[in-house]
Amino acid sequence: MGVRIAVLAEPRIQQRIFGEKHWEQLNALGEVARIEQEGPMQPDAMMAVIEGADIAITSWGCPALTGDILESAPELKGVLHAAGTVKGIVTPDVWRRGIRVSSANGPLGMGVAETALGFTIASLKHMWWLSQSTRQGGWGSGKDRVRELYQVTVGVIGGGKAGGHYIRLLRNFDVHIMIYDPVMTAEQAAAMGAQKAELEVVLAASDVVSIHAPSLPATYKMINRERLAVMKDDAILINTARGSIVDEEALVEELRKGRLFACLDVTDPEPPAPDHPLRSMPNCILTPHIAGAVNNGVKRVGQFAIDELKRLLAGTPLEGEVREEQMSTLA
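Residues numbered from 1 in each chain as written. Predicted model: local features only at pLDDT ≥ 70, side-chain atom pairs only at ≥ 80, totals over all residues. Heavy atoms only, no water.

J.: I tried to follow the overall build of the protein on my own but got confused; where do I start?
T.: Along the backbone of the protein there are 13 helices and 13 strands. Relative to its length of 331 residues, the protein is compact, with a C-alpha radius of gyration of 22 Å against a globular reference of 20 Å. Taking all 331 residues of the protein together, 52% fall into the buried category. In the protein, 63% of the contacts between residues at least 6 apart in sequence involve partners at least 24 apart. (Helix = DSSP H or I, 4+ residues; strand = E, 2+ residues; numbered from the N terminus. Rg over C-alpha atoms; globule rule 2.2 N^0.38 Å. Buried < 20%, exposed > 50% of the residue type's maximum accessible area, 1.4 Å probe, protein only. Contact = heavy atoms within 4.5 Å.)

J.: Is there a simple way to explain a nonpolar patch on the surface in this structure?
T.: Taken together, the side chains of Ile121, Met127 and Phe173 define a hydrophobic patch exposed on the protein surface, amounting to about 230 Å² of accessible area. Within the fold, Met127 resides in helix α7 (residues 127-135). With a relative accessible area of 41%, Met127 lands in the partly exposed category. (Patch = residues over 30% accessible without salt bridge, like charges linked within 9 Å, V, L, I, M, F, W, Y side chains within 5 Å. Areas by Shrake-Rupley, 256 points an atom, 1.4 Å probe, with all protein chains shown as cover. Salt bridge = Lys/Arg side-chain N within 4 Å of Asp/Glu carboxyl O.)

J.: Any chance you could explain the side chain of Thr91 here in plain terms?
T.: Tracing the sequence through the fold places Thr91 in the loop between β4 (78-81) and α5 (92-96). Given the relative accessible area of 11%, Thr91 is considered buried. With near-sequence residues (within four places) excluded, Thr91 lies in contact with Ala64, Leu65 and Thr66.

J.: What is the right way to look at the pairing of strand β7 (residues 176-180) in this model?
T.: Summarising burial for β7: four of the five residues are buried, a large majority. A crossover links strand β6 (residues 153-157) with its parallel partner β7, the connecting element being helix α8 (residues 161-170), and its sense is right-handed. Here β7 pairs with strand β8 (residues 195-196) via two bridges, running parallel. Bridge pairing in β8 links Ile179 to Lys196. (Right-handed = clockwise from strand over helix to strand, strands pointing away. Pairing = 2+ DSSP bridges.)

J.: Would you mind showing me how to read the layout of surface pockets here?
T.: Gaps between atoms show up when a probe of the same size as a water molecule is rolled over them. Considered as a void within the structure, the second largest pocket measures approximately 430 Å³ in volume. Considering the residues around the second largest pocket, the lining is formed by 19 residues, among which His126, Trp129, Arg145, Phe261 and Asn283 are closest to the centre. At the level of secondary structure, the elements contributing two or more residues to the lining of the second largest pocket comprise α6 (105-124) and α7. For the lining of the second largest pocket, the residue count by class is nine nonpolar, six polar and four charged. (1 Å grid on protein atoms, 1.4 Å probe; cavity = no way out; pocket = protein on both sides within 12 Å on 5 of 7 lines; lining within 4 Å. Points joined across faces, edges and corners; volume = space filled by probe spheres on them. Nonpolar A, V, L, I, M, F, W, Y, C, P; charged D, E, K, R; others polar.)

Purely spatial values, then, with no claim about function.
Given below as structure tokens:
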């Protein structure tokens, strides 16, 4: 007899994260119960689906797994979150029960890192401006500003899943990588292929700065007026993390000077006001929070949850395991 698997996501989210082949894999592993009613999930519906479950798969929009819901699944061994942060679903009751928790931050971080790399190459190559110039009838004006991803310094702010994958991608190029991450040791940074340094040092030395830090009280407007001021002229600032990490008012001031170039996939708030200056600045690229999993890429998190389930059943380490002591430093 296989395990009982409770899929605690409303149908529209199930359709986003799972395709036919995913359901085939889940059904081969055990008995699958899932939410069938659209709309906000009520506790009664949650308890009915999770009743007797060994494993729960959660995703975006799932409510917190409170003690009364968990009482319906006394044998629950794992919560596999097919999304990013687990802060909205994991309660102290989960930890008290000794239930293991996994997050799909890793596969989500892959998409973020790939987007950041795309921003890095396109911005160094001056593609945004050259494309517009060419559309307007020009040809070649501005090519003298093109730079390659070669023998430049790239600064990475945050060495978690997304930042770590960005560094792995950068190691395909002849570049110097610096990292600021207060919870990472110099030895850990070196093992990734980066040089650990203080934030101001990274900002001052880098031709490209890519932000991958979590949104925490300690990182709120961390990239402020003083820190933006130490960045090199013509440096590129990329933010695919959270808009709250950058002081946008201070960034607008620097962009108006023409000193910096910014690629922002996130803002604070989202979306920015229709007349926000970032929308019209020629040295700022705005995208509507697409760096993570979008459309077909969302299926990555569904497959990851299934792979984590297989690892849990086989007794092998979980790749996305989250521990209680990590919660204060996670996004």
